[in-house]
Amino acid sequence: MERIKQFKHQLGRVFDTNLDTKQWGNYVDYTIVGLIVLSTLSVFISTFDISEGCERVLHVIDIVTVIIFTIEVSLRIWTADVLSPKYKGFWGRVRYCLTFYGMIDILSTYTFYLAFVFPLPYQVLKSLRVVRVLRIFRYMRSFRLLQQAITSKSKEILISLQVLLVVTLMLSFVLFFYEHEAQPETFDNGMTSVLWAFAQYIGDPGQFAETPPVTPVGQVVAFAVGILGIALFAIPAGLVGAGFSETLEEEAHKETIRKNKEKLHRAFERKLDRPTGFQIVPQHLSICDLQARIGLKVGDILDVVDEAYDFRLINLATTQTIDERPQDKLAVEHFIVNKPYGYYIDRGSKVTIISPSSLADAAIGNFSYYLAMIGGFNYISRELGEMRPYKSYYSFDDRQVEPNLAQYMEDLEVLTSRPGSWTLTPLVASGANEPSYPTIFHFSAGGVKGDESFTGNNLIVQDMEAYQAFYQDLTAELEQRFEMTSDHQRYHNLSSPRLFARHFSEGRGSRNNIVLRIAWSACLWDSRRIAIAKTIADSLNRHFESDIDKEYSPELKIKRSGY
């Protein structure tokens, strides 16, 4: 089932209609375009007097192209839900078939087989073959731009046509009132005058307007209708032209954002962390720093952050305590994404690092990411979502309250349901308007604030003996190496039933969950922060995965930009 899902996703990429991407699927796109052109040429050649042998060749070309197009269209319908979730299921596929390109695909392909059931006229079959030319529009940038221009101005066009319709109806009735007296046999009722007026707009194919108005008022009305006839095409054409110009500007702006995004990615070049020797992605770059590094204006940087999925703005003032009198300072944070909620990687470890607050708390995602990589642990983080109103992945009542929370919890249960599983959830402290605490590291096993014992009810750690040994070993090492002290459940309450570790499904998830709050001064502002992460990782391995020989990931030695 998983292999079929992957194959389906790859097919969805093949049918992305983007001829500029550097992937093998483009050969399929070019093949389809070539077959459309070949099919069109065969229809054109068939209009001449040609030999019987040439007709047979054209017939073979027609059959081959129909078979290939049938396979292609069928696969497009099957993979439609990869294009958009709204095309899932039977009715979703029906909705896809009723789109413009879906209708063109069906009319130009499946109707060929109707000839085996219904005796369709020769002209109908030939006409439907010509419809295949429209399929090439999905690969044409110019047509996509025109489509976007019309869509962007559709409301204005509709309003202008409504005004023209109402004014034309008014003039038609005025025309009838005056012309009926002068030409009763011609303008015998209101419908005649309405048909006369609208016939002016479309060239009078039914000869409704052969008899012109004879009264002065009727002639004025005819003149006004003539002006409206010009406006009927001029106004929509002007609107579409304006929309086309705006669309071109938007395309140019998107291209500028794309180039600036590449510059921003390069700006997050890995730097050597001297205490550990690892190459580390910067946890953030300030706006001023980015201006100096890559020469972008503030507006350009904000446009990239707004458009990109792997950058976000952070306010560094939130990482300082009230006592430090923080000043607002904007910076850009870079992160990695491979899931709708953020990032997930299964390294086959019994230890999982959980970062549920990466979206809201600056730099904790970067610290947690390297803690997991250094230790060779599984890692899951929440990187995407709305900041206001903020819906927490750390504490909640129901996993269905946020669109991607259910998938996040399911993935977390996959990582933490294996035998001997332990989790560590790094959070931040001493910032975001919090007071300063005497200690730097705040450990908790799910107990009540102020209860510094290793006993209690409804704790989220079951193997308390192993946890206590880990706590004593790690806190002693942190104090010895970094002169940073720790506490156990002294300042934070984790007894709430809303805590994520109390929302695992029956028989799923880890029974040993440690929460570690770290002062921002240590996980963000201290130059030894990666060494701190390494110390925590080494201790986790010694206590919970000592049966496995691990080496540090080679990725930690690679010099490049980004994750």
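Since the structure is predicted, the reported quantities are computational estimates derived from the model, not experimental observations.

Let us now look at the overall build of the protein chain. In terms of regular secondary structure, the protein chain is built from 18 helices and 12 strands. Taking 563 residues into account, the globule formula puts the C-alpha radius of gyration at 24 Å, and the protein chain, at 34 Å, lies well above it. The C-alpha extent of the protein chain, read off along each of the three principal axes, is 105 × 65 × 50 Å. Counting only residues that meet the buried cut, the protein chain has 46% of its 563 residues in that class. Across the protein chain, every contact between residues at least 6 apart in sequence was considered, and the portion connecting residues at least 24 apart equals 75%. When the accessible surface of the protein chain is totalled, it reaches about 29200 Å², and 60% of it is carbon and sulfur.

This paragraph deals with the sheet that holds strand 4 (residues 311–315). Strand order in this open sheet of 3 strands is 3-5-4, and the pairing throughout is antiparallel. Edge strands, defined here as strands with exactly one partner in the open sheet, are strand 3 (285–286) and strand 4. With respect to the sheet, helix 11 (residues 216–267) is in contact with strand 3, strand 4 and strand 5 (330–334), its orientation differing from that of strand 4 by roughly 60 degrees. Against the sheet, helix 13 (residues 298–307) contacts strand 4 and strand 5, and its axis sits at roughly 120 degrees relative to strand 4.

Okay, the sheet that holds strand 8 (residues 378–382) next. Ordered in space as 6-8-7-9-12-10-11, the 7 strands form an open sheet in which the pairing is mixed. Two strands close off the open sheet at either side, each with one partner strand: strand 6 (342–345) and strand 11 (486–488). Pairwise comparison of adjacent strand axes, ignoring direction, gives a mean angle of 20 degrees for this sheet. Direction of pairing for strand 7 (residues 351–355) relative to strand 8: parallel, over a ladder of 4 bridges. In the sheet register, Ser355 faces strand 8, and the bridge partner there is Ser381. Running at roughly 165 degrees to strand 8, helix 15 (residues 405–416) makes contact with strand 6, strand 7, strand 8 and strand 9 (422–429) of the sheet. Each of strand 9, strand 10 (441–444), strand 11 and strand 12 (513–519) is contacted by helix 16 (residues 464–482), which is oriented at about 175 degrees to strand 10, the strand it contacts most.

Our next topic: the side chain of Ser286. Tracing the backbone through its elements, the reader meets Ser286 in strand 3. Assessed through its relative accessible area of 13%, Ser286 is described here as buried. In this structure the side chain of Ser286 is engaged in a polar contact, spanning 3.0 Å, whose partner is the backbone nitrogen of Asp289. Ignoring sequence-local partners within four residues, the contact set of Ser286 consists of Lys329, Leu330 and Ala331.

Another point: the domain arrangement of the protein chain. Along its sequence, the protein chain is carved into domain 1 (1–139), domain 2 (144–251) and domain 3 (338–557). Taking only C-alpha atoms into account, the centre of domain 2 sits 69 Å from that of domain 3.

Here His488 shows up in strand 11. By relative accessible area, His488 is classed as buried at 2%. A distance of 3.5 Å separates a polar side-chain atom of His488 from the backbone oxygen of Glu452. Here the side chain of His488 touches Tyr467 through a polar contact of 3.0 Å, side chain to side chain. Sequence-distant contacts of His488, defined by excluding residues within four places in its chain, comprise Phe443, Ser444, Ala445, Asp451, Glu452, Ser453, Phe454, Tyr467 and Tyr471.

Right, let's talk about the packing of helix 9 (residues 154–182) against helix 11 for a bit. Contact geometry for helix 9 and helix 11: axes closest at 10 Å, N-to-C directions at 170 degrees. In terms of orientation, helix 9 lies roughly antiparallel with respect to helix 11. Contacts from Glu156, Ile157, Ser160, Leu161, Leu164, Val167, Thr168, Leu171, Val174, Leu175, Tyr178 and Glu179 of helix 9 reach helix 11 at Val217, Gly218, Val221, Ala224, Val225, Leu228, Ala231, Leu232, Ile235, Pro236, Leu239 and Val240. When its residues are assigned to classes, the contact of helix 9 with helix 11 shows 19 nonpolar, 3 polar and 2 charged.

With that settled, consider the nonpolar core. Core analysis: the biggest nonpolar cluster contains 68 residues, and Tyr370, Tyr467 and Ile536 have the highest contact counts within it. Among the nonpolar cores identified, the runner-up in size contains 20 residues, and Tyr344, Tyr393, Met409 and Leu415 belong to it.

The subject of this paragraph is the pattern of salt bridges. Counting across every chain of the model gives 28 salt bridges. A salt bridge links Glu269 to Lys271; the nearest nitrogen and oxygen atoms lie 3.7 Å apart. Taking the shortest distance from any N to any O, the salt bridge between Glu477 and Arg542 comes out at 3.0 Å. Of this pair, Glu477 sits in helix 16 while Arg542 sits in helix 18 (residues 529–544), placing them 65 residues apart in sequence. Taking the relative accessible area as the measure of exposure, Glu477 reaches 19% and is therefore buried.

In total, this model carries 26 aromatic pairs according to the counting rule given. Note on Phe470 and Phe544: the rings are 5.3 Å apart at their centroids and 45 degrees apart in plane angle, and the pair reads as tilted. Taken together, the residues Phe470 in helix 16 and Phe544 in helix 18 connect sequence positions 74 residues apart. Taking the relative accessible area as the measure of exposure, Phe470 reaches 0% and is therefore buried. By way of ring pairs, the aromatic residues Trp422, Phe443, Phe454, Tyr467, Phe470, Tyr471 and Phe544 are connected into one cluster. The residue whose ring lies beneath Arg135 is Phe69, and the NZ or CZ to ring-centre distance is 4.9 Å. Here the guanidinium or amino end of Arg382 rests over the ring plane of Tyr393, the centre of that ring lying 3.9 Å away.

Between its first and last C-alpha atoms helix 10 (residues 190–201) spans 18 Å; for 12 residues at 1.5 Å apiece the expected length is 16 Å, and the two agree. Considering only its buried residues, helix 10 is in contact with helix 9 and helix 11. One side-chain oxygen at the N-terminal end of helix 10 lies 3.1 Å from the backbone nitrogen of Met191; it belongs to Asn189. Just past helix 10, the residue Gly203 takes up positive phi, approximately 85 degrees.

The next thing to look at is the packing of helix 16 against helix 18. For the pair helix 16 and helix 18, the least separation of the axes is 10 Å and the interaxial angle reads 150 degrees. When the axes of helix 16 and helix 18 are compared, the pair comes out roughly antiparallel. Considering how the two elements wind past one another, helix 16 and helix 18 form a crossing that is right-handed. Only Ala531, Ile532, Thr535, Ile536, Ser539, Leu540, Arg542, His543 and Phe544 of helix 18 make contact with helix 16, whose side of the interface consists of Ala466, Ala469, Phe470, Asp473, Leu474, Glu477, Leu478, Arg481 and Phe482.

Checked against the element boundaries, Ala267 lands in helix 11. Along the backbone, Ala267 and Ser561 are 294 residues apart, and their C-alpha atoms lie at a distance of 7.2 Å. Among residues more than four places away in sequence, those in contact with Ala267 are Leu285, Leu290, Arg293 and Ile294.

Rules used throughout
- Residues numbered from 1 in each chain as written.
- Predicted model: local features only at pLDDT ≥ 70, side-chain atom pairs only at ≥ 80, totals over all residues.
- Heavy atoms only, no water.
- Helix = DSSP H or I, 4+ residues; strand = E, 2+ residues; numbered from the N terminus.
- Rg over C-alpha atoms; globule rule 2.2 N^0.38 Å.
- Buried < 20%, exposed > 50% of the residue type's maximum accessible area, 1.4 Å probe, protein only.
- Contact = heavy atoms within 4.5 Å.
- Areas by Shrake-Rupley, 256 points an atom, 1.4 Å probe, with all protein chains shown as cover.
- Pairing = 2+ DSSP bridges.
- Axes fitted to C-alpha atoms, helices over the stretch in contact; angles between N-to-C directions.
- Polar contact = N/O pair within 3.5 Å; in protein donor to acceptor, adjacent residues only side chain to side chain.
- Domains from an automatic or database assignment.
- Parallel < 35°, antiparallel > 145°, perpendicular 65-115°, else oblique.
- Nonpolar A, V, L, I, M, F, W, Y, C, P; charged D, E, K, R; others polar.
- Core = buried A, V, L, I, M, F, W, Y, C linked by side-chain atoms within 4.5 Å.
- Salt bridge = Lys/Arg side-chain N within 4 Å of Asp/Glu carboxyl O.
- Phe/Tyr/Trp six-rings, centres within 6.5 Å; stacked < 30°, edge-to-face > 60°.
- Lys NZ or Arg CZ within 6 Å of the ring centre and 35° of its normal.
- Expected span 1.5 Å × (residues − 1).
- Left-handed = near helix turned anticlockwise from the far one by under 90°.

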